[in-house]
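One-letter residues, chain by chain:
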Amino acid sequence: MEKYSGFGLARHALKHHEHWQRVWRNPTPKKKYDVIIIGGGGHGLATAYYLAKEHGICNVAVLEKGYLGGGNTARNTTIIRSNYLWDESAKLYEHSMKLWEGLSQELNYNVMFSQRGVLNLGHTLQCMRDIKRRVSANRLNGIDGEVLDAQQVKEIVPMIDISANRRYPIIGASWQPRAGVARHDAVAWGYARAADALGVDIIQQTEVTDILYENGVAFGVNTKQHGVISSDKIGCVVAGNSGVLAKMAGFKLPIESHPLQALVSEPIKPILDTVVMSNHVHGYISQSDKGDLVIGAGIDSYNGYGQRGSYQSIEHTVQAILELFPTFSRIRMNRQWGGIVDTTPDACPIISTTPLKNLFFNCGWGTGGFKATPASGHIFASTLANNEIHDIAKPFSLSRFYDGSLIDEHGAAGVAH
């Protein structure tokens, strides 16, 4: 595999993106598929790839209403980690981490996975107690983690302000060395190319307008561009719009859709070689290979489907970052954007069967979806292929909202997403 760095890597990725938009094979849909995947983002494309590779199911159609890499997959802040508190979440995200570690080789495409480590800062004694608890839980689940004091944080990130006169002084942090970042849209393109090579039909500019079912059994979808497309099974993986698809199928999901904000600075020389997160001031930051500082926080408080920025949220996020890095006040913001995420009451995903036979949903990831991309696709493909929820996914089924087996990862992983 060719190796690139810095701006050369960015130009290489952009060149391939522009080329694929011109020549991508966009087949006319067949009359019937074994599986239809609604949603051509990272999770949907990963599901299609693993269906073909792991289960030999290649008669698959991925239906995307826009273009590949144009939704939440390319609207996130690229952080990958597995330092979750609860056993259920830890198993899911650690499974994903292990897949990330071999993903470029698996797909024969450089997804730019960089294991530069993630710091989750503690600003109060209670924060540090929570950090120690979480790191201990991580170690019991075989996940790497350390508890650091303020001086050890300073050694990893020299420009961070650990002075005692700060409004929120840094007492310490958790540290996961295996965590890091990846190039978001490259993940979509890598999975798309690999799935396409195995015979999967990836059909862009195709919007699903209805889910077809009779006597409690789903048998296909209606699309605006191609009419009815039939299938034996349907997997819905439409970040931010899952509630809309569920309504088409005649039921409701316990989720809400919210805008999610992020921004990047102007490109600067390398200054930050890890990821720094703080739940207390509610901001997180890393530096991309292009040189820009990638900054984000939590979801907007209001419900909505608008993929656009909300300046009030951005202003608060910038304040949080300047609390940690006062020197960044001289850096100019380059651009901001918004995505749409659907979230559950317990801040954990839904990977489940539904009231309709042959219809499955993978949704509710909130802002934790990108880091879970490989695992989400892997276990959802197994669920679709075997008509049985994968063992890792069983705690995340819809039934937990009926029997009260909620997981509740709100803030438990060191930041509220």
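Residues numbered from 1 in each chain as written. Predicted model: local features only at pLDDT ≥ 70, side-chain atom pairs only at ≥ 80, totals over all residues. Heavy atoms only, no water.

Notes on unusual backbone geometry
For Gln 205, which is not glycine, the phi dihedral falls at a positive 50°. Here Gln 205 lies in the loop between β8 (201–203) and β9 (208–214). For Gln 205, a relative accessible area of 47% corresponds to the partly exposed category. Here the phi dihedral of His 282 falls at roughly 60°; this positive angle occurs in a residue that is not glycine. Note on placement: His 282 falls in the loop between β13 (275–278) and β14 (283–287). Owing to a relative accessible area of 28%, His 282 belongs among the partly exposed residues under this scheme. (Helix = DSSP H or I, 4+ residues; strand = E, 2+ residues; numbered from the N terminus. Buried < 20%, exposed > 50% of the residue type's maximum accessible area, 1.4 Å probe, protein only.)

Comments concerning the packing of helix α2 (residues 42–55) against helix α7 (residues 184–197)
Across the interface, α2 lies against α7 with an axial gap of 9 Å and an inter-helix angle of 30°. When the axes of α2 and α7 are compared, the pair comes out roughly parallel. α2 and α7 meet at a crossing whose hand is left-handed. Contacts from Gly 42, Leu 45, Ala 46, Ala 48, Tyr 49 and Tyr 50 in α2 reach Ala 188, Tyr 191, Ala 192, Ala 194 and Ala 195 in α7. Each residue belonging to the contact of α2 with α7 can be placed in one class, and the counts come to ten nonpolar, one polar and no charged. (Axes fitted to C-alpha atoms, helices over the stretch in contact; angles between N-to-C directions. Parallel < 35°, antiparallel > 145°, perpendicular 65-115°, else oblique. Left-handed = near helix turned anticlockwise from the far one by under 90°. Contact = heavy atoms within 4.5 Å. Nonpolar A, V, L, I, M, F, W, Y, C, P; charged D, E, K, R; others polar.)

Some thoughts on the pairing of strand β4 (residues 118–122)
On a regular strand, one side chain projects to one face of the sheet and the next to the other, so that they alternate. Of all five residues making up β4, five are buried, and the element is well covered by its neighbours. Both faces of β4 are covered, namely the face carrying Val 118, Asn 120 and Gly 122 and the face carrying Leu 119 and Leu 121. Sheet topology note: the β4/β13 ladder contains three bridges and is parallel. In the strand pairing of β13, Val 118 is matched with Val 275. (Pairing = 2+ DSSP bridges.)

What about helix α10 (residues 373–386)?
End to end, α10 covers 20 Å across 14 residues, agreeing with the expected 20 Å (1.5 Å per residue, within 8%). In terms of residue burial, α10 counts as a mostly covered element, since eleven of its 14 residues are buried. Within the sequence span of α10, burial applies to Thr 373, Pro 374, Ala 375, Ser 376, Gly 377, Ile 379, Phe 380, Ala 381, Ser 382, Thr 383 and Leu 384. Phi for Asn 387, located one or two positions after α10, is positive at around 60°. (Expected span 1.5 Å × (residues − 1).)

Side note on the sheet that holds strand β16 (residues 333–343)
Pairing within the open sheet is mixed, and its eight strands lie in the order β5-β6-β4-β13-β14-β15-β12-β16. The sheet is open, and its two edges are formed by β5 (146–149) and β16, each paired on a single side. Ignoring which end each strand starts from, the neighbouring axes of this sheet average 20° apart. Examined bridge by bridge, β5 and strand β6 (residues 172–176) share four bridges and lie antiparallel to one another. When the sheet's bridge partners are listed, Asp 149 is paired in β6 with Gly 172.

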